[in-house]
Amino acid sequence: MIHTLSVLIENKPGALARVSQMFARRGYNIESLAVGPTERPDVSRITLRVDCAQGSLEQIEKQMHKLVNVLRVRELTRGEAVERELALISVNAPPERRGELIALAEVFNARVADLGPDALVFEIVGRPEELDSFEELVRPHGVKELARTGRIGLSRASVATPQRRQRV
Amino acid sequence: MVTTGAGAILRSLEAEGVEVAFGLPGGAILPTYDAWALGTTVRHVLARHEQGAGHMAEGYARASGRVGVAVATSGPGATNLVTPIADAWMDSTPLVCITGQVRSSLIGTDAFQECDITGVTMPIVKHSWLVQDVEELPSVMKAAFHLARTGRCGPVLVDVPRDVQEAALEFRYPDEVDLPGWRPPERGHPRQIAAAADRIAVAERPVLYVGGGTLNAEACGELRALAEGGRLPVVTTLMAKGAFPETHELHFGWPGMHGPKWSNWAMNKCDLLVAVGARFDDRVTGKLAGFAPGVEVIHLDVDAAEIGKLRRADVPVVGPLKPVLRELGAALAARLDGRPPRTEPWLRQLEEWREQFPLRYGESGDTLKPQRVLETLQELTASRNDVIWTTGVGQHQMWAMQYLLCDRPRSFITSGGLGTMGYGLPAAVGAKAARPDATVVCVDGDGCFQMTCQELATAVLENLPIVTVIVNNGYLGMVQQWQNMFFGERLSQVHLTNAVPNYAALAEAYGALGLTVNTEDELEPALEEALASGRTAVVDARVCDRQEVFPMIPAGAAALDLVEYEEKAGLVS
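Calculation rules
- Residues numbered from 1 in each chain as written.
- Chains lettered and ligands numbered in written order.
- Predicted model: local features only at pLDDT ≥ 70, side-chain atom pairs only at ≥ 80, totals over all residues.
- Helix = DSSP H or I, 4+ residues; strand = E, 2+ residues; numbered from the N terminus.
- Buried ≥ 20, exposed ≤ 12 C-beta atoms within 10 Å, placed from the backbone.
- Contact = placed C-beta atoms within 7 Å.
- Rg over C-alpha atoms; globule rule 2.2 N^0.38 Å.
- Nonpolar A, V, L, I, M, F, W, Y, C, P; charged D, E, K, R; others polar.
- Pairing = 2+ DSSP bridges.
- Right-handed = clockwise from strand over helix to strand, strands pointing away.
- Axes fitted to C-alpha atoms, helices over the stretch in contact; angles between N-to-C directions.
- Parallel < 35°, antiparallel > 145°, perpendicular 65-115°, else oblique.
- Left-handed = near helix turned anticlockwise from the far one by under 90°.
- Core = buried A, V, L, I, M, F, W, Y, C linked by C-beta atoms within 7 Å.
- Domains from an automatic or database assignment.
- pLDDT = per-residue confidence, 0-100.

A count of helical and extended segments in chain A gives four helices and nine strands. Going from N to C terminus, chain A has its helices and strands arranged as β-α-β-β-α-β-β-α-β-β-α-β-β. For chain A, the C-alpha atoms occupy an extent of roughly 60 × 35 × 35 Å along the three principal directions. Within chain A, buried positions represent 26% of all 168 residues. Look at the contacts in chain A between residues 6 or more apart in sequence, and 72% of them connect residues 24 or more apart.

And the structure:
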């Protein structure tokens, strides 16, 4: 089962390497990983996805807690978190197909980020599943290049006190 | 006080109360060695190889309970420390390694003797720092020592570029550490401790499975009080040898691959297994699925990540073992409320098994038996006050576990998790530096000895006299045993010969006492001479070859399928 973890780390050299290295060393494969700044300049947030059993997830969380640069580890459970991802997709778009593609993009609230003689670059932000659907629909037109950020997430504001995972 | 980065390193060591550091200088660490020349209270023991320095620091840490310090230069100096760092990581030995690094301006340019040692060691340290600003150095040193010895002990590395060692700073050693991400547990959860006491109080066949964490926690007194209060039998792992007195009536040996049958039966036929600072290592459990089937498990450990890693714990208790064991002992006493524990029939059963399946070996023939060497060492040192044993890794190590009896904590120092051949001799040097009045004996194999024997020079010249007894069968004995048992007796690249080198002559070349033993008659006088000499001595005990270590749980087999003795003629003669 795929789990999403939200990890706060100290913004220090090598901190990300220590986290990703721990996954490699213990034999877990990271499905996606996004890292960036938070509201605190000395703290970064990693959102990462890992495909593993529940027992392995507990082991991963415990091992991550042992890393000195790791400040907090939380699982973002479905329904309790807001998750977003951004994608840039360069699609074959000869002039006669542009209209169709742009109409499609409007349905998904995707934006045209760049326009060339025979290609379009779309920018889309949304839930990762929405990005999957959009990608699926433009694929028949010919995707030249694609870049996705990997998902980022936060606990929902409506979840008053986020349940902290019980540490045994 | 205005000083340099190098001065700050020495002042930090002094502030931490470090008595001795082990190392070897080189280009990128020159300023720090200059600071040594300018004066410090920290003794420097000059090793002949950085691996030796690292193992010395480990031996020092394990003998003293303090943090070991190793110093090396950049590049090859630092990579030579990798094996000791990995060893300390596996055995949770508190270690601070300080390495020189090339100048900041050269980092990343493949400069002479440059190596990304923080990158190389990342999977095997608790944490590491590449110090880029001299102002950070005091707080990094403070954090390094704090981290090495708190929570689960282990190695840390501080990599200091040469220009940072040379830069000036106003030195002040911080009072507090600034490690927001490091919060080891301060005590066990009272509800979990109560639950553990509930189960122990009603168990009929409990066993305390004691690991090396007990020694690191300095919790041996609390362990003993718990065992005696509840009349609980104790087995100690290789790493915990000495954590509970081995001549005590409640001690029932050592579990695992070469543990006696009665120890393994105790672990596997109990109804309640209480793991104390132990980690269910594969060498202890054998095939995990077949280990202690149906047995309820209480797991006490300071490291939450060990709990449930390999074996599910019915009652997990995360916390430092000293208060946890003390509170558990008190909670158990309250539940027993003066009633005798229910364990007496179980203890009688364990004693019966011990009588029924004693350790034994073939005594026929004129050749010296390796087990006899260990038995004789035990007899000759039994009356000595303070004996520290160190070992290499292999057959001799397993015989040392079986035949030496350690009644005191920190009296048996060995490489358990990593299985580092060559560990014993330098570890002995470090142990002697920690406890100069102790009799320090390294039980070594001929293969192991040749990996680090250059440190004889360190022992002799630094006046750290140790006795090394080589159980010399002329083979990489344990590998030979596996080839014999599991590879159709096809011996492949394991024959070292017992005469090259001439170990006694080699010892003499280093200024040590060298003695050769060929027969059982020569054994006792030679060992006595070495022990009485007060010098660094090497006793080359040429034992019969092709002797196997038994009992044995074959790799991948369940502990209950232990092979007690190889009856095949020729293996046990």
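What follows deals with the overall build of chain B. Per the secondary structure count, chain B includes 23 helices and 19 strands. Computed over its C-alpha atoms, the radius of gyration of chain B comes to 24 Å, within 12% of the 25 Å expected for a compact globule of 573 residues. Dimensions along the principal axes, computed over C-alpha positions, put chain B at roughly 70 × 60 × 45 Å. Sorting the 573 residues of chain B into buried and exposed places 57% on the buried side. For chain B, the proportion of contacts with a sequence separation of at least 24, taken over those separated by at least 6, is 77%.

So, on to the interface of chain B and chain A. Every contact between the two is made by 17 residues of chain B and, on the other side, 17 residues of chain A. For the side of chain B that touches chain A, the residue count by class is 11 nonpolar, four polar and two charged.

Turning next to the pairing of strand β19 (residues 537-542) of chain B. Looking along a regular strand, one sees the side chains alternate between the two faces of the sheet. All names here are of chain B. The buried fraction of β19 is high, at six of six residues. For strand β17 (residues 467-472) and β19, the ladder comprises six bridges, and the chain directions are parallel. Bridge pairing links Val469 to Val539 in β19. Considered for its hand, the β-α-β crossover made up of strand β18 (residues 513-517), helix α23 (residues 520-533) and β19 is right-handed.

As a further point, take the pairing of strand β5 (residues 81-92) of chain A. Residues and elements named next belong to chain A. In terms of strand pairing, β5 meets strand β9 (residues 152-155) through four bridges, oriented antiparallel. Looking across to β9, one finds that Arg84 is bridged to Ile152. Of the pairings in the sheet, the one linking β5 to strand β7 (residues 119-126) comprises eight bridges and is antiparallel in character. Counterpart to Asn92 in the pairing with β7 is Ala119. Here β5 runs beside strand β8 (residues 143-148); their pairing, made up of five bridges, is antiparallel. Across the sheet, Ile89 pairs through a bridge with Leu146, a residue of β8.

Before going further, it helps to spend a moment on the packing of helix α3 (residues 50-64) of chain B against helix α18 (residues 424-434) of chain B. Residue and element names in this part refer to chain B. Interhelical geometry of α3 versus α18 gives an angle of 45° and a closest axis separation of 6 Å. Here α3 is positioned oblique relative to α18, judged by the angle of their axes. Once α3 is placed against α18, the crossing between them reads as right-handed. Taking contact as the criterion, the partners of Gly52, His55, Met56, Ala57, Glu58, Gly59, Tyr60, Ala63 and Ser64 in α3 are, on α18, Pro426, Ala427, Ala428, Val429, Gly430, Ala431, Ala433 and Ala434. Grouping the constituent residues of the contact of α3 with α18 by class yields 11 nonpolar, five polar and one charged.

Another aspect to go through is the nonpolar core. For soluble globular proteins, the rule of thumb is that nonpolar side chains tend to be buried together. Counting residues in hydrophobic clusters, the biggest one holds 198 residues, and the most contacted among them are Val96(B), Tyr209(B), Val210(B), Val469(B) and Val539(B). Looking at this core element by element, the count peaks at eight residues for helix α7 (residues 137-149) of chain B. Aside from chain neighbours lying at most four places away, what touches Val96(B) is Val67(B), Val69(B), Ala144(B), Phe145(B), Ala148(B), Val156(B) and Val158(B). Residues Ala105(A), Leu120(A), Phe122(A) and Ile124(A) belong to the second largest nonpolar core, which totals 12 residues.

A few words on the sheet that holds strand β9 (residues 206-210) of chain B. Backbone hydrogen bonds hold the strands of a sheet together, and the pairing may be parallel or antiparallel. Residue and element names in this part refer to chain B. As summarised here, the arrangement of the five strands in space is β10-β9-β11-β12-β13, forming an open sheet in which the pairing is parallel. In this open sheet, the two edge strands, each paired with only one partner strand, are β10 (234-236) and β13 (315-318). Adjacent strand axes in the sheet meet at a mean angle of 15° when their direction is disregarded. Of the strand pairs in this sheet, β9 and β10 are connected by three bridges, and their pairing is parallel. Opposite Val210, over in β10, you have Thr236 as the bridge partner.

Moving on, we come to the sheet that holds strand β4 (residues 70-76) of chain A. Residue and element names in this part refer to chain A. The strand order across the open sheet built from four strands is β2-β3-β1-β4, with neighbouring strands paired in antiparallel fashion. This sheet does not close on itself; its edge strands, each paired only once, are β2 (30-37) and β4. The sheet shows a mean angle of 20° between the axes of neighbouring strands, direction not considered. Two strands pair when backbone bridges link them, and β2 and strand β3 (residues 43-51) are joined in this way by seven bridges, in the antiparallel orientation. From the neighbouring strand, Gly36 faces β3, where its bridge partner is Arg45. The strands that helix α1 (residues 15-25) touches are β1 (2-10), β2, β3 and β4; relative to β1, the one it contacts most, it runs at about 145°.

All names here are of chain B. Position of Cys97 among the secondary structure elements: in strand β5 (residues 95-101). Cys97 sits in the buried class, given 31 other C-beta atoms within 10 Å. C-alpha of Cys97 to C-alpha of Gly23: the two residues are 74 residues apart in sequence and 9.5 Å apart in space. When sequence neighbours within four positions are dropped, the list of residues in contact with Cys97 reads Ala70, Leu81, Ile85, Pro155 and Leu157.

The next subject is the domain arrangement of chain B. Many descriptions give the size of an interface as the accessible area lost when the pieces come together. All names here are of chain B. As assigned here, chain B comprises domain 1 (2-170), domain 2 (190-356) and domain 3 (370-549). Centre-to-centre, using C-alpha coordinates, domain 1 lies 37 Å away from domain 2. Every contact between the two is made by six residues of domain 1 and, on the other side, seven residues of domain 2. Taken together, the residues of the side of domain 1 that touches domain 2 sort by class into one nonpolar, three polar and two charged.

Let us now look at the domain arrangement of chain A. All names here are of chain A. Splitting chain A by domain gives domain 1 (2-76) and domain 2 (82-152). Computed over C-alpha atoms only, the centres of domain 1 and domain 2 are separated by 29 Å. Ranked by residue count, the leading element in the side of domain 1 that touches domain 2 is β2, at three residues. Each residue belonging to the side of domain 1 that touches domain 2 can be placed in one class, and the counts come to three nonpolar, three polar and one charged.

Residues and elements named next belong to chain B. Within the secondary structure, Val315 is located in strand β13. Along the backbone, Val315 and Arg62 are 253 residues apart, and their C-alpha atoms lie at a distance of 30 Å. Those residues within four positions of Val315 in sequence are excluded, and the remaining contacts are Gln192, Ala195, Ala196, Arg199 and Ile298.

Time to look at the environment of Gly259(B). Residues and elements named next belong to chain B. Examined against the element boundaries, Gly259 turns out to sit in the loop between β10 and α12 (261-268). A sequence separation of 100 residues divides Gly259 from Leu359, and the C-alpha atoms of the two residues are 9.4 Å apart. Dropping the residues within four chain positions of it, Gly259 is found in contact with Gly253, Trp254 and Asn264.

Of all the 13 residues making up helix α3 (residues 95-107) of chain A, one are buried; the element is thus mostly uncovered. Two residues or fewer past α3(A), Asn109(A) is found with a positive phi of approximately 60°.

To continue, consider the confidence of the model for chain A. Across chain A, the average pLDDT comes to 91, with 94% of residues at or above 70. Predicted confidence is poor over residues 164-168 of chain A, with pLDDT under 50, and the contacts of this stretch with residues over four places away or in other chains come to eight contacts.

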